[in-house]
Amino acid sequence: MTRWLLWLASGLLLGGIVHFATILYLPSTATQNAYARISAISPVNSVVALPAPSAEKSVLPLMDPAFAAAVCRYDLREAPLKLTAPVSPAYTSVTFYTNKDVAYYAINDRAAGRRSIELDLMTAAQKAQLPDDEEISAADRLIVESPTQTGLIVIRALASEPGMMPAAIASLSGARCQPQAQ
Amino acid sequence: MRLLIGLLLAFAVAASVGLGTTLYALQESTPFGSFTVGAWTAWPRTGTADIDPYARALIARSGELPMGAGDGVAFVATKDDNGAALDGRCDVIVSGVTPQARFWTLTLYDPEGKLVGNALNRHGFSSQEIVRKSDGAIEITVAPRARTGNWLPSGGVDRYTLVMRFYDSPIGVASRTGRETPMPSVKVQSCT
């Protein structure tokens, strides 16, 4: 009897390990995560508008219909990236995601405090390679460190009422993400 | 022989318990770092690099992009104040005051996170377009048929989810429930 209980207990223990292993492994097996869905509609290192969500069709679930959104799918393997996003009349935010959809950094227009949000995105290795004199001027520019070489930048502009949507879309059309010359 | 049966038993228990609990965890929302006020729950940590493994697994499966903490915080309600699932065939009143934020939006989704179709093409309200009461409080009626005031069409769906997003808001990982985070009540008025 004790022997069976021992087998049962070891089964439960192993079950716990299986549980944690599957939870941790799951994000890397997801083929329909947001990064994969957006990769299907966007080229690398350029800003494209995300179609507005509707009842029939939505690129991603749980998008806020009060916002116009644009996305830049980035790849930092060649060079760091420069992002410029003009600020819309109401509210603009820029959120950075890894290729596993982890939101590692987000900033809004007030925190950026300018007429446009300007950021340099690079990996830790690229930041370490910045020449010293550039590091002094780096105080003027905002550097965001990406934990992964690829990921997403999502720029969102609020249309505080439906009539403001064209203005929000227009402000996003001025957004750029470009690899920096080395 | 007994060793073999014992091993098989252990493996069977491990597989069913391990995979069963994983499947169960994916049906539910992550319990870690949640912040509940009345009918509303937020997961401020999900919008940061400190996101917990359960939330990561959920997001990878649903395909959503969580709201970044520097952008704001999202509160989700799938039940009313009494714990009954939100039913699109009922008149539900969302009323009261909202926490501090530069802007907020309230959006109605079906359980899959899709918008619900309606003739008005109205899927939610923003803080700018809503008609407030004289004391500044909000009152929104979620109902299948037109109502006076701030009417949010439910489309008559079985179940729906309300998401209230607060943009540029001080609510964060360190927030506590209570006076600093007042959320509107969610009450069923009548059911047809």
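Since the model is a prediction, treat every value here as computed from it, not as a measurement.

Draft legend 1. Expanded view of the state of the cysteines. Following the criterion strictly, the structure yields two disulfides over all chains and no others. Between the sulfur of C72(A) and that of C177(A) lies a disulfide, 2.0 Å long from S to S. On the sign convention where negative is left-handed, the bridge of C72(A) and C177(A), at about 85° about the S-S bond, is right-handed. With C72(A) in strand 2 (residues 67–75) and C177(A) in strand 9 (residues 176–179), this residue pair connects regions lying 105 residues apart in the sequence. The burial state of C72(A) is the same as that of C177(A); both residues are buried. What pairs with C90(B) in a disulfide is C191(B), and their sulfur atoms sit 1.9 Å apart. Its S-S torsion of approximately 90° makes the covalent link between C90(B) and C191(B) right-handed. Separated by 101 residues along the polypeptide, C90(B) in strand 4 (residues 90–96) and C191(B) in strand 10 (residues 185–191) bring together distant segments of the chain.

Draft legend 2. Just the environment of G47(B), in detail. Inspection of the secondary structure puts G47(B) in the loop between strand 2 (40–42) and helix 2 (53–62). The spacing of G47(B) and T22(B) is 25 residues in sequence and 22 Å in space, taken between C-alpha atoms.

Draft legend 3. A look at the domain arrangement of chain B. Residues and elements named next belong to chain B. What the domain assignment reports for chain B is domain 1 (1–30) and domain 2 (31–191). Relative placement of domain 1 and domain 2: their C-alpha centres are 36 Å apart. Taken together, the five residues of domain 1 in the interface contact ten residues of domain 2. Counting the surface domain 1 buries against domain 2, the share from its top three residues, L26, S29 and T30, is 84%. Between the two partners, domain 1 and domain 2, sit zero salt bridges. Across the side of domain 1 that touches domain 2, the residue classes tally to two nonpolar, two polar and one charged.

Draft legend 4. Structural context of unusual backbone geometry. For L62(A), which is not glycine, the phi dihedral falls at a positive 60°. On the basis of relative accessibility, which here comes to 27%, the residue L62(A) falls in the partly exposed class. Backbone geometry places N121(B), a non-glycine residue, at a positive phi of 60°. With respect to the helices, strands and loops of the structure, N121(B) is situated in the loop between strand 5 (103–109) and strand 6 (124–126).

Draft legend 5. Layout of the interface of chain A and chain B. With 56 residues of chain A in contact, the opposing surface of chain B contributes 57 residues. Sorting the residues of chain A by area buried against chain B places W7(A), I23(A) and L62(A) first, and these three jointly supply 15% of that buried surface. At the boundary of chain A and chain B, one finds 19 residue pairs in polar contact (both at pLDDT 80 or more). Among the elements of the structure, helix 1 (2–29), helix 2 (34–39), strand 4 (92–98), strand 5 (103–108), helix 3 (109–112) and strand 8 (150–158) of chain A are those that each provide at least two residues to the side of chain A that touches chain B. Ranked by residues supplied to the side of chain A that touches chain B, first place goes to helix 1 of chain A with 17 residues. In the side of chain A that touches chain B, the residues fall into 35 nonpolar, twelve polar and nine charged.

Basis of the calculations
- Residues numbered from 1 in each chain as written.
- Chains lettered and ligands numbered in written order.
- Predicted model: local features only at pLDDT ≥ 70, side-chain atom pairs only at ≥ 80, totals over all residues.
- Heavy atoms only, no water.
- Disulfide = S-S within 2.5 Å.
- Helix = DSSP H or I, 4+ residues; strand = E, 2+ residues; numbered from the N terminus.
- Buried < 20%, exposed > 50% of the residue type's maximum accessible area, 1.4 Å probe, protein only.
- Domains from an automatic or database assignment.
- Contact = heavy atoms within 4.5 Å.
- Buried area = accessible area lost by both parts, 1.4 Å probe.
- Salt bridge = Lys/Arg side-chain N within 4 Å of Asp/Glu carboxyl O.
- Nonpolar A, V, L, I, M, F, W, Y, C, P; charged D, E, K, R; others polar.
- Polar contact = N/O pair within 3.5 Å; in protein donor to acceptor, adjacent residues only side chain to side chain.

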